Amino acid sequence: MSEVSEQSRRFNISGSLSVVAGEGGLTKIVIKASGASVGWTAKAEIYLNGATVTRYEVDGKPVLFCSRTSKFEVGKAIRGGVPIIFPWFGPHPTDPKMPQHGFVRAAEWKILNTARSSSGVATVVLGFEASEATRAIWPHDFALRYTVSLGRRLEMALEVTNRSNSEFRFDEALHTYLAVSDVRNIHITGLEQTEYADKVDGLARKRLDDAPLRLTGETDRVFLNTGAVCRLHDPARSEIAVGKEGSLSTVVWNPWDKAENLVDLAGNQWPGMVCIETVNTMENSITLMAGASHTMKSTLHLSSRGYRRAY
Ligand code: BG6
């Protein structure tokens, strides 16, 4: 029996969840949920490669952006959806040869469990643990447990457990790419009066004023010490709320025309995305005692008013 058939046999839930071969033959989980009484349907897709949620749609309308030139290959990060960043965010702090954004976004995760609640919410739990290969580049024992629950909203919870005998410190991110009609026309609320490190200005510390955030060029900002819900306002779409727990950093990123240097994001796709990432990094990195666990959660919620214009 092939790996995909074996996983389908163990984890499929009729009508809610199926394990199939996705792009590039990689294993993908397709989840469906609906609330007949309120008349909505939702769908999500998750690749075991990086435990990357690549699709979340409500009533057939996509909430996440996934690049049409993304690679779908073993050992390569997917460009779009919600890659998971751990245990360092951005370049490795001391060794430039190490992969950017850690090593779990391009690693194969395992399905630990699937379930459906009586209210129709479908849940999948994925896991990734330290191995000889990870210890060679990050010398700690850890276990990651990633729970993705789909109702009308999408909830993603990353639990990190320290299985070492001593504490360790890590960064983490749910690097969410949201689909927008045109990044030059959107604005984001929730980060007013918040301090940030500006990565396009040598990490200079700045503070947003009272106005909502509008993007007018390459943007790469690490907002710090904020647990606020961010709301994405798009004149052509419904509002999306990005809520979080256990996270004190929020990163907003769009590479603008520098995207043309990224083969997996080239072809003038950058106006169609904005990243609002649920993160712990810099002074918000997490120190975890031996035996302890930490959970960071991100929730995407599409306003129920429906899309304002044809999309
Ligand atoms: C963002 C970082 O989270 O991810 C940026 O703040 C980075 O600095 C971007 O450029 C994309 O990173 P990558 O490795 O996926 O190209």
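About the cut-offs
Residues numbered from 1 in each chain as written. Predicted model: local features only at pLDDT ≥ 70, side-chain atom pairs only at ≥ 80, totals over all residues. Heavy atoms only, no water. Pairing = 2+ DSSP bridges. Helix = DSSP H or I, 4+ residues; strand = E, 2+ residues; numbered from the N terminus. Axes fitted to C-alpha atoms, helices over the stretch in contact; angles between N-to-C directions. Contact = heavy atoms within 4.5 Å.

Explain the sheet that holds strand 10 (residues 154-162) residue by residue, including any values.
Spatial ordering of the open sheet is given by 7-8-9-10-23-19-18-14, a layout of eight strands whose pairing is antiparallel. Looking along the sheet, the strands with just one partner apiece sit at the ends: strand 7 (110-116) and strand 14 (187-189). Averaged over all adjacent pairs, the angle separating strand axes in this sheet is 15°, with direction ignored. Note: strand 19 (residues 240-245) against strand 23 (residues 293-302), six bridges, orientation antiparallel. Its bridge partner lying in strand 23, Lys-244 is registered against Ser-298.

Describe the sheet that holds strand 2 (residues 27-35), listing the residues and the values that go with them.
Working definition: the strands of a sheet are paired by backbone hydrogen bonds and lie parallel or antiparallel to each other. Pairing is antiparallel in the open sheet, where five strands are placed in the order 1-2-3-4-5. Among the strands making up the open sheet, the edge pair consists of strand 1 (17-21) and strand 5 (61-62). Both strand 4 (residues 52-58) and strand 5 contribute to a ladder of two bridges, which runs antiparallel. Bridge pairing in strand 5 places Val-58 opposite Lys-61. Packing against the sheet, helix 1 (residues 3-11) makes contact with strand 1 and strand 2, and its axis sits at approximately 180° to strand 1.

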